[in-house]
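# Observations on the model geometry
So you can see what is in the structure, the chains are spelled out below.
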Amino acid sequence: MAIFGLILAGGAGRRMGGADKALLRLAGRPLVAHAIERLAPQVNRLAISANGDPARLDFTGLPVLGDAAAGRGPLEGVLAGLRWAQAGGATALMTVAVDSPLFPTDLVARLTAAGAPAMARSDDRDHPTFTLWPVSAAPEIEEWLDAGERRLMTLMDRIGAHAVDLPAGSITNLNTPEDLARAEAALR
């Protein structure tokens, strides 16, 4: 089974004062670098979903996939990733959020064991941006978006995604400057 990976880095970063989260520094490196380090060994190929000037991510050496339609949230990035993965011959796409870069190094193996679609759950909370998607889900996601839907959890129910429990603290969202400061302190 060929599994490609996609780092979702298209958020507006409102709670970070509008900062580009992919470029925020944690332990001296951009968040996207941490996500790449963790996800790259787990997948066959890797790309980044991000809008704006893709040149800002040239240092990663990865393809940057922009949204085909603006304002449709992370699912638009997932759809672009699924199309990219399918064109490359993948059977599944693992998505992760750039603002939660310290996810488990065996995440793909854990979700693959459950079978796609499978999403991560940690600390009694579902994390739908951390999902193993079958590439065959692209038409349904496109239909969902075209109907004006954006809710990830509702889509997860609709496509029958399995929730896979991970150890406590496996996925920590860095949404605010305070979250980033806590993660920085924990890594020291």
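Please refer to the structure placed before this passage.
Residues numbered from 1 in each chain as written. Predicted model: local features only at pLDDT ≥ 70, side-chain atom pairs only at ≥ 80, totals over all residues. Heavy atoms only, no water.

## Thoughts on the overall build of the protein
- When its secondary structure is counted, the protein shows six helices and nine strands.
- Whereas a compact globule of 188 residues would reach a radius of gyration of roughly 16 Å, the protein reaches 15 Å, a difference of no more than 12%.
- When the backbone C-alpha atoms are referred to their principal axes, the protein occupies close to 40 × 35 × 30 Å.
- When burial is assessed residue by residue, the protein has 49% of its 188 residues classed as buried.
- Put simply, of all contacts in the protein between residues at least 6 apart along the chain, 71% involve residues at least 24 apart.
- For the protein, the exposed area adds up to about 8,500 Å²; of that, 51% sits on carbon and sulfur atoms.
- Put simply, the protein has 18 plus and 21 minus side-chain charges, and the middle of one group is 3 Å from the middle of the other. (Helix = DSSP H or I, 4+ residues; strand = E, 2+ residues; numbered from the N terminus. Rg over C-alpha atoms; globule rule 2.2 N^0.38 Å. Buried < 20%, exposed > 50% of the residue type's maximum accessible area, 1.4 Å probe, protein only. Contact = heavy atoms within 4.5 Å. Areas by Shrake-Rupley, 256 points an atom, 1.4 Å probe, with all protein chains shown as cover. Lys, Arg positive; Asp, Glu negative; His and termini not counted. Charge placed at Lys NZ, Arg CZ, Asp CG, Glu CD.)

## Considering the environment of histidine 127
- Tracing the sequence through the fold places histidine 127 in strand E8 (residues 125-134).
- Its relative accessible area of 5% is what places histidine 127 among the buried residues.
- Placed 55 residues apart in sequence, histidine 127 and arginine 72 show a C-alpha to C-alpha distance of 18 Å.
- Sequence-distant contacts of histidine 127, that is, excluding residues within four places in its chain, are made with Met119, Ala120, Arg121, Ser122, Ile171 and Asn173.

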